[in-house]
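Structural features, examined
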Amino acid sequence: MSSTSATDLEEEEIRHILHAADSLVGRGGRTMLVKILKGSRDKKLLELGLNDNVAYGYYHVITMERITEKVDWMIRHQFLEIEHQGDMPVIVFTERGWIIQRDQAAGLLLRQWDQWVQGNELRQDLSYLKDRNRGMILLFLQKLAETGNTAYIPLLEQWAEVDYQKVKRAIRQVIDHLLSGKGGPLSLEDAPVDDVAEQLVVYPRTAERLKCWECGKRFDWPVEEQDFFRMKGWDPPKRCEPCREQRRRTKEGWGFF
Ligand SMILES: [Zn+2]
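My aim in this report is to walk through the structure given alongside it, one point at a time. (Residues numbered from 1 in each chain as written. Predicted model: local features only at pLDDT ≥ 70, side-chain atom pairs only at ≥ 80, totals over all residues. Heavy atoms only, no water.)

1. Considering the coordination of the zinc ion
Rules: A donor here means any N, O or S atom no more than 2.8 Å from the metal (3.2 Å for Na, K and Ca); water is not included, so a site may seem to lack partners. Only two sets of limits are used to name each site, 85 to 135 degrees for every angle of a tetrahedral four-donor site, and over 155 degrees for opposite donors with all other angles from 65 to 115 for a square planar four-donor or octahedral six-donor site, with any other site named irregular. Secondary structure elements follow DSSP: runs of H or I no shorter than four residues count as helices, runs of E no shorter than two count as strands, and numbering proceeds from the N terminus. Burial classes follow relative accessibility: with a 1.4 Å probe on protein chains only, a residue under 20% of its type's maximum area counts as buried, one over 50% as exposed, and anything between as partly exposed.
The protein atoms donating to the zinc ion are Cys-212 (SG), Cys-215 (SG), Cys-240 (SG) and Cys-243 (SG), with metal-donor distances spanning 2.3 Å. For the zinc ion, the 4 donor atoms in the first shell make angles of 104 to 115° at the metal, so the coordination geometry reads as tetrahedral. Each donor residue of the zinc ion belongs to the same chain, and together they define the spacing C-x2-C-x24-C-x2-C. Remark: Cys-240 occurs in the loop between helix H10 (223–232) and helix H11 (241–250) and Cys-215 occurs in the loop between strand E3 (208–211) and strand E4 (218–221); sequence separation between them is 25 residues. Judged by relative accessible area, Cys-240 falls into the buried class, the value being 7%.

So this is what it looks like as structure tokens:
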């Protein structure tokens with residue numbers, strides 16, 4: 001089983017599925033994610049406002065079954081993962097998925113501001129930016145700084161009125177950068193520095209080398225087994241096959257993996 005099959009997703013698809021997952025994280029599972037991408041009129045989906053998403057209906061022309069395969073591809077390739085909240089399996093980002101999503105969520109905020117600036121709608125309630133993920137907010141501020149566009153300043157000033165000290169300081173740095181006319185990027189303290197393009201590269205999947213907790217030996221974790229574990233939302237096995245076997249024999253019915 002290799003990832004370089006005809007069913008690999010395009011970068012645009014990966015990006016849209018991550019967008020769809022962003023409004024769902026921790027609140028719903030695979031099925032709900034599939035419904036967002038399908039553009040379903042599901043009652044719960046509408047109640048949760050999940051139709052208010054740039055990826056809503058992205059896959060409206062393909063079947064739920066095909067969309068599910070694509071979502072599962074995202075889980076197998078570690079862009080998303082399944083986590084258990086009590087009995088409920090929910091979709092969450094992996095580190096890789098979040099690095100990509102954080103950056104494109106910041107890009108979406110910038111697009112919204114561009115519309116406001118173009119429409120000269122410069123009086124806005126900017127409290128929606130408060131309590132968002134801090135790394136994402138800092139990326140957004142860096143994107144604003146890099147445009148060199150002073151038209152954002154009235155919005156930045158209103159934002160500074162409603163946010164915390166640390167964010168306020170970063171906002172002031174961006175305003176100073178824009179006023180200086182220096183142009184170019186601005187690097188803010190604590191802003192994530194990731195190579196997003198690198199995270200989007202899909203490599204052929206191979207067995208992972210894991211270390212056994214019991215005997216300390218390294219062992220291969222085959223791709224098929226990784227898929228099985230990931231779809232269940234389980235952590236990787238802690239023990240090598242001989243140690244698992246040993247455990248099975250000594251503790252019937254306990255700690256299979
Ligand atoms: Zn072992």
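2. Remarks on the packing of aromatic side chains
Note the cut-off: Put simply, two rings from Phe, Tyr or Trp (the six-membered ring, in Trp's case) pair if the centres are within 6.5 Å, and we call them stacked under 30 degrees between planes, edge-to-face over 60, tilted for the rest. The criterion is that NZ of a Lys, or CZ of an Arg, lies within 6 Å of the ring centre and within 35 degrees of the ring normal, and then a charge sits over that ring.
Under the definition given, this model contains 12 aromatic pairs. For the pair Trp-221 and Phe-229, a centre-to-centre distance of 5.6 Å together with 80° between the ring planes defines the contact as edge-to-face. Taken as a pair, Trp-221 and Phe-229 share a single burial class, namely buried. Look at Phe-228 and Phe-229: their rings are 6.5 Å apart centre to centre, the planes differ by 65°, and that puts the pair in the edge-to-face class. Residue class for Phe-228 comes out partly exposed when judged on its relative accessible area of 44%. Each member of the aromatic cluster is reached from another via a ring pair, and the members are Trp-113, Phe-140, Tyr-152 and Trp-159. The aromatic ring of Tyr-164 is capped on one face by Lys-130, whose charged end is 4.7 Å from the ring centroid. The ring of Trp-213 has Lys-238 lying over it, and the distance from NZ or CZ to the ring centre is 5.4 Å.

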